Amino acid sequence: MSTTNTSPRPFIYADNRLTCSGVDLTDLADTYGTPLYVYSADAIRERLGMLQTEFAAIPNTLCYAVKANSSLAILKLLSEQDCGFDIVSGGELERVRRAAPSALSRVVFSGVGKQVWEMDAALAADILLFNVESEAELEILSQRASAAGKIARIALRVNPDVFAETHPYISTGLREHKFGIAIERAREVYRRAAQLPNLEPAGVSVHIGSQIRDVEPFAQSLQRVRSLVEELRADGHNIRYVDGGGGFGIEYGNAAFNPAASVAAYATAIRSALDGLNAHLLLEPGRFLVAQAGALLTRVLYTKQNGTKHFVIADAAMNDLIRPALYQAHHEILPVIAASPEHARPNQTADIVGPVCETGDFFARDRTLPELRAGDLAVLLDAGAYGMSLASHYNTRVHPAEVLIDHGQPRLIRRRETLDSILAPELL
Ligand code: LLP
């Protein structure tokens, strides 16, 4: 097979057949069934490497946002490349403990609603930093740390009141959002934190939203954080960490996208905002690392014509990948067997939908694609982030299986669920 990959994705055609890191997707569907999430380990390592290279000149820890894709095998892979983790629950902490126990010292714990048992577990694990989002949380954390005989290193998540262009559901950096503490009040809250037993104010954190393509909002918010760090240091706090959050976006469409160049611009914006501050930078990338490394492989069950509309009904649905339904997100769709002289696929405009009983259960509307017929395989690209991690059992559908391709070898990293396994917790 001859292939040259200039695409930001590991999914490329070889001899008109779609492959992932050299593995034929038709073979994967035959072996593991559909719907199937397929990820490339090399693609994930490559993205992490880009960030590591760009930030190598300054002290930093990259803390992968587990929520983007919390598969144990992917956490393990990232930890083997020295990655840390950003968690938002005791459940995610447990995932890190099982997949990458040596990375617990590189964990930051974010989230507006931490529960006592979650704080206790994180204290016992000696994580790096708690990103605290309210004064009430500070008081509880201080009590729990005292009870455990531990010192909790904390950063306040400040809300910088910076607007970043993204979908309103995933924008977080404005005053009206539930996240963080208004930056104007931060000094007063740090003063309070320093008085509370067993808390050590050690950092400042910020996260302005997700799928942000422009680097300017990151620069702006970190400039505000920088001024705050300088004030806090003048107030006598030993602030060593600046956590810049996650949020760096990708190109979901088929416009040109050069991830290495984008990361370079992102890193330049961040580094210059923090230049000379002498702080250890933490970042919480999720989507950028895993989205384009993954795709959802699905088989067409039926096609049908309703009036003027043509429908392609796939075996994957909104419960497997909710992004189009929830955020009107665009995912590119490709046939696994490309159009060729032997295999004609005239373009056709169709709605690509799933079997779930909701009109919102669609992957694309009025999309012009090479014709898909019953039995054909297709992929939804860029589904490695917020795909499986948002999957549900709606309509009593089992979660898809997941396969990771590493060094040219596919490995099942999550078995397909069974009806028994999803019904097991229910009582009659
Ligand atoms: N750190 C914090 C505190 C976050 O809330 C998030 C994402 C991240 C880091 C990672 O952001 P990323 O680098 O992945 O953009 N389900 C939505 C995205 C929700 C993002 C939630 N927070 C989607 O599918 O677009």
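Refer to the preceding data block for the structure.
The paragraphs below set out a description of the structure included in this document. (Residues numbered from 1 in each chain as written. Predicted model: local features only at pLDDT ≥ 70, side-chain atom pairs only at ≥ 80, totals over all residues. Heavy atoms only, no water.)

**Considering the site of the ligand**
Within the structure, the ligand sits among 18 residues, and Ser210, Glu284, Arg323, Tyr327 and Tyr386 are positioned closest to it. Between the ligand and arginine 323 there is a distance of 2.6 Å, counted from an oxygen atom to a side-chain nitrogen or oxygen. Tyrosine 386 is positioned such that a nitrogen or oxygen atom in its side chain is 2.6 Å from an oxygen atom of the ligand. Its free accessible area being 580 Å², the ligand has 91% of it covered by the protein chains. Tallied by class, the residues present in the shell around the ligand amount to 6 nonpolar, 6 polar and 6 charged. The residues that make up the shell around the ligand include at least three from each of domain 1 (11-33 + 293-423) and domain 2 (41-290). (Near = heavy atom within 4 Å. Polar contact = N/O pair within 3.5 Å; in protein donor to acceptor, adjacent residues only side chain to side chain. Areas by Shrake-Rupley, 256 points an atom, 1.4 Å probe, with all protein chains shown as cover. Nonpolar A, V, L, I, M, F, W, Y, C, P; charged D, E, K, R; others polar. Domains from an automatic or database assignment.)

**Quick word on the nonpolar core**
Counting residues in hydrophobic clusters, the biggest one holds 104 residues, and the most contacted among them are Tyr64, Leu78, Phe85, Phe130 and Ile154. Broken down by element, the residue count for this core peaks at 7 residues, all from helix H2 (residues 41-55). When residues of this core are assigned to domains, at least three map to each of domain 1 (11-33 + 293-423) and domain 2 (41-290). Among residues more than four places away in sequence, those in contact with phenylalanine 85 are Cys63, Tyr64, Val66, Leu75, Leu78, Ser79, Val96, Ala100, Ala103, Arg106, Val107 and Val108. Counting 19 residues, the second-largest nonpolar core is a separate cluster that includes Val23, Leu25, Ala29 and Val336. (Core = buried A, V, L, I, M, F, W, Y, C linked by side-chain atoms within 4.5 Å. Buried < 20%, exposed > 50% of the residue type's maximum accessible area, 1.4 Å probe, protein only. Helix = DSSP H or I, 4+ residues; strand = E, 2+ residues; numbered from the N terminus. Contact = heavy atoms within 4.5 Å.)

**A look at the pattern of salt bridges**
For the structure on display, the rule yields 28 salt bridges. Arginine 414 is the salt-bridge partner of glutamate 417, the closest N and O atoms lying 2.9 Å from each other. Of the residues examined, glutamate 417 reaches a relative accessible area of 17% and is grouped as buried. Among the charged side chains, a network of salt bridges with common partners joins Asp42, Arg45 and Asp406. (Salt bridge = Lys/Arg side-chain N within 4 Å of Asp/Glu carboxyl O.)

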